[in-house]
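For reference, the chains in residue letters:
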Amino acid sequence: MSVKYIPVQWNTNKWIYDIVLILSVGIYLWIFIEWGPVLLDHGKPVTPQIHNARAFGSCAFLMLTLILCIGPAARLNQKFLPLLYNRRHFGVLTLFVALTHVGYILDWYYAFSPTPKLEGVLTANTSFGRVLGFPFEVFGIFGLVVLLLLAVTSHDFWLKFLTPRLWKRLHMLLYPAYAALVAHVALGALQDQTSPWRAIFILFSAGGVTALHAAAFLKEARSETTVSLNDWITVCDADDIEDGFARVVRLENGERVAVFRSGESFSAISNACAHQNGPLGEGRIVDGCVTCPWHGFQYRVSDGCSPEPFTERVPTYNLALDGAKIMLNPDANPPGTPTTPVSLGENGK
Amino acid sequence: MSENRTPFFVGYLSAPKGLRSFLLVSIVSMLLFFAGVGWLLATTQPDPGSAGFLPGRQTLIGVLENKPYPMLHVTEGSNRISTGTTVLLSGGGKRGVQSRGKDLEGAVVRISGQALARGDLQMIQLRGGMQGLADMSDTEAPGIDVEDLGKWRLQGEICDGKCLAGAMRPGTGLAHKACANLCLTGGVPPVFVSSQPVEGSEFLLVGNANGEPLTEQLLDYTALFVEAEGRIERRGSLLVFLMDPTTVRPLP
């Protein structure tokens, strides 16, 4: 959290994250580029430019696969939340690796020709009517443009400027981009392979991303209560919510409400963090504030406001107790509206 | 009551003690995972074959034939290209040499450049200007043997002759299709790689039924496994597939 825009708010965890990331990518490229030709022992090796393009391209695909796995993995098990914390650096590094792949391709397959490189990318293969032989490069171009767009807008300035809702929708383009890159690989590099391992790698990657998202969706659907927009709705018994945690209620209109327990008091705020729409209901109360599991943005449970000097605010909801049952008024209060927490023993409805 | 007792990570705070061993295992796992996948994908690349540039510059004398694409029937070879061989010609990069020899059809010329070879397919990438292709038309040109091998239906891949001969490894396949098309539109001779050898050779220069160049009609079919019909001629040591472009079709 910050009250002003700075390029990167470095802290120890971010340093560790980035060092591990760079080391991982470095090891991958070192083994692929330096040791690959030695281990292969071909009579004449793959042309270095093509070999390097393969190394960077496959590395970018692997990185993107892991990026897409982090989100659902963290929903399934909060131990993975540290991987999510600095995910945007993961994304930006992926862009640079992908750009290097594109550089090798442009400077080799599209170089030395009377046709200018970029014109060649668009005109060299126009077999759009075929599956095999389809210009798979267009899928790569789409994926690259999306990665570029997401990296450029990854800073919080753009989040604020575009609003979290629009920013989130923009960044959901990563899913069609990933699908396009699967097609890019499947219709291109994969067609020339004699070993099954690359096909297995692609299937395992795409399948893993799909399976993790499906599992996270099912877990979320099972743990949420969907309720209609009547006057007051029953959330659950007070004892069903652990101190410092929340129960998430999904309203019929799609909005989610996080009902938090702090000691013997209960308060409700929107489940969507004002930062990146992170799931506040999966967070905890830390130092008296609801703390988002994604990036640690904090809000007071009583009024949905971030503590001074921060200015983020989320909508609040009114609660009441009916015996031991917590009742929720589904009409959201404007962001930052103070509410009176209900305590066990009260019957405020 | 919730059973969620996982230590809660907040990015700007120190990692909770209960999470540190998990994070350490995650870091080591990630490094090993990247290393393992890198090793797996690097070591399962197919062999690109033995094609490539031959060391040293080659200077050859022979009879120039321009159709369907420039080739030289060698009458005085070098230590690597023997007399009697027919070699394809190309320029630097993805360029042909049609314009350089257009007035020397059937004449004796001296060429100089870098040789590429894949099996019995040989190509010379000419040097620039007169050093690459010099007129020796004052020397009498010997006749070139042409043998009609009849009509054939072949299955295989249409490639650009230069990358196939070793300018790139691999110089075939769908990942290389755009490059092959750029080579062909630049004037590099197309070569049909037959899945079954024809008269002992699997590489055939491609032209149309009239012996003219055939480039535009091939671009949709390069890098695919295709079937095509046409007449085959042996010109010097090189097979030429005079293809009927209407018979080309991709095979499953």
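Keep in mind that this is a model prediction, so the values were computed, not measured. (Residues numbered from 1 in each chain as written. Chains lettered and ligands numbered in written order. Predicted model: local features only at pLDDT ≥ 70, side-chain atom pairs only at ≥ 80, totals over all residues. Heavy atoms only, no water.)

### Notes on a nonpolar patch on the surface
No. 1: On the surface, a nonpolar cluster with roughly 570 Å² of combined accessible area is contributed by Trp30(A), Trp35(A), Val38(A), Leu39(A) and Trp39(B).
No. 2: Among the elements that make up the nonpolar patch, the one with the highest residue count is helix α1 (residues 12–40) of chain A (four residues).
No. 3: Secondary-structure assignment places Trp30(A) in helix α1. (Patch = residues over 30% accessible without salt bridge, like charges linked within 9 Å, V, L, I, M, F, W, Y side chains within 5 Å. Areas by Shrake-Rupley, 256 points an atom, 1.4 Å probe, with all protein chains shown as cover. Salt bridge = Lys/Arg side-chain N within 4 Å of Asp/Glu carboxyl O. Helix = DSSP H or I, 4+ residues; strand = E, 2+ residues; numbered from the N terminus.)

### What to know about the pairing of strand β8 (residues 190–198) of chain B
Residue and element names in this part refer to chain B.
No. 1: Looking at chain direction, strand β7 (residues 146–160) and β8 are connected through five bridges and run antiparallel. Across the sheet, Ile158 pairs through a bridge with Phe192, a residue of β8.
No. 2: The turn joining β8 and strand β9 (residues 201–208), which pair antiparallel and follow one another in sequence, is formed by two residues; a positive phi near 50° is taken by Glu199. (Pairing = 2+ DSSP bridges.)

### Some details on the domain arrangement of chain A
Put simply, an interface is often sized by how much accessible area is lost when its parts join up.
All names here are of chain A.
No. 1: Per the domain assignment, the segments of chain A are domain 1 (12–223) and domain 2 (233–343).
No. 2: A separation of 37 Å is found between the C-alpha centroids of domain 1 and domain 2.
No. 3: Listed by partner, the interface residues are 15 residues for domain 1 and 17 residues for domain 2.
No. 4: Of all residues in domain 1, the largest losses of buried area upon contact with domain 2 belong to Arg75, Gln78 and Lys168, amounting jointly to 30% of the total for that side.
No. 5: Linking domain 1 with domain 2 are two salt bridges, by the criterion used here.
No. 6: Measuring nitrogen to oxygen at the nearest pair gives 2.8 Å for the salt bridge that ties Arg75 to Glu282. (Domains from an automatic or database assignment. Contact = heavy atoms within 4.5 Å. Buried area = accessible area lost by both parts, 1.4 Å probe.)

### Looking at the pairing of strand β11 (residues 238–243) of chain B
Residues and elements named next belong to chain B.
No. 1: In terms of residue burial, β11 counts as a mostly covered element, since six of its six residues are buried.
No. 2: By the alternation rule, side chains of β11 split into Leu238, Val240 and Leu242 and Leu239, Phe241 and Met243, which are all buried.
No. 3: Inspection of the sheet shows β9 paired to β11 by four bridges, in the parallel sense. Opposite Gly207, over in β11, you have Leu242 as the bridge partner.
No. 4: Inspection of the sheet shows strand β10 (residues 225–235) paired to β11 by six bridges, in the antiparallel sense. The residue of β11 that forms the bridge with Arg235 is Leu238. (Buried < 20%, exposed > 50% of the residue type's maximum accessible area, 1.4 Å probe, protein only.)

### Considerations on the domain arrangement of chain B
All names here are of chain B.
No. 1: Splitting chain B by domain gives domain 1 (52–135) and domain 2 (146–250).
No. 2: For domain 1 versus domain 2, the distance between C-alpha centres works out to 19 Å.
No. 3: The contact between domain 1 and domain 2 buries some 2,400 Å² in all, and 62% of this surface belongs to carbon and sulfur atoms.
No. 4: Together, Tyr69, Lys94 and Arg118 form the three largest contributors to the area buried by domain 1 at its contact with domain 2, with a combined 31%.
No. 5: Inspection of the region where domain 1 meets domain 2 yields two salt bridges.
No. 6: Among the salt bridges present, the one from Lys67 reaches Glu212, with a minimum N-O distance of 3.2 Å.
No. 7: The interface formed by domain 1 and domain 2 includes 16 residue pairs in polar contact (both at pLDDT 80 or more).
No. 8: Per-class residue counts for the side of domain 1 that touches domain 2 are ten nonpolar, twelve polar and six charged. (Polar contact = N/O pair within 3.5 Å; in protein donor to acceptor, adjacent residues only side chain to side chain. Nonpolar A, V, L, I, M, F, W, Y, C, P; charged D, E, K, R; others polar.)

### Digging into the sheet that holds strand β10 (residues 319–322) of chain A
Backbone hydrogen bonds hold the strands of a sheet together, and the pairing may be parallel or antiparallel.
All names here are of chain A.
No. 1: In space, the three strands of this open sheet follow the order β2-β11-β10, with antiparallel pairing throughout. Of all strands in the sheet, those bounded by a partner on one side alone are β2 (233–237) and β10. Pairwise comparison of adjacent strand axes, ignoring direction, gives a mean angle of 35° for this sheet.
No. 2: With four bridges connecting them, β10 and strand β11 (residues 325–328) associate as antiparallel partners. Within β11, the position partnered with Leu321 by the bridge is Ile326. (Axes fitted to C-alpha atoms, helices over the stretch in contact; angles between N-to-C directions.)

### As for the side chain of Gln122(B)
Residues and elements named next belong to chain B.
No. 1: Tracing the sequence through the fold places Gln122 in strand β5 (residues 121–126).
No. 2: Gln122 gets classed as buried once you look at its relative accessible area, which sits at 15%.
No. 3: Setting aside chain neighbours within four positions, we find Gln122 in contact with Arg80, Ile81, Thr85, Val87, Leu88, Leu116 and Ala117.

### Remarks on the packing of helix α4 (residues 87–106) of chain A against helix α6 (residues 137–152) of chain A
All names here are of chain A.
No. 1: Where α4 contacts α6, the axes come no closer than 9 Å and their chain directions differ by 145°. Crossing handedness for the pair α4 and α6: left-handed. For the pair α4 and α6, contact is made by Val92, Thr94, Leu95, Ala98, Leu99 and Val102 and by Leu144, Leu147, Leu148 and Ala151, respectively.
No. 2: A breakdown of the residues in the contact of α4 with α6 according to their chemical character gives nine nonpolar, one polar and no charged. (Left-handed = near helix turned anticlockwise from the far one by under 90°.)

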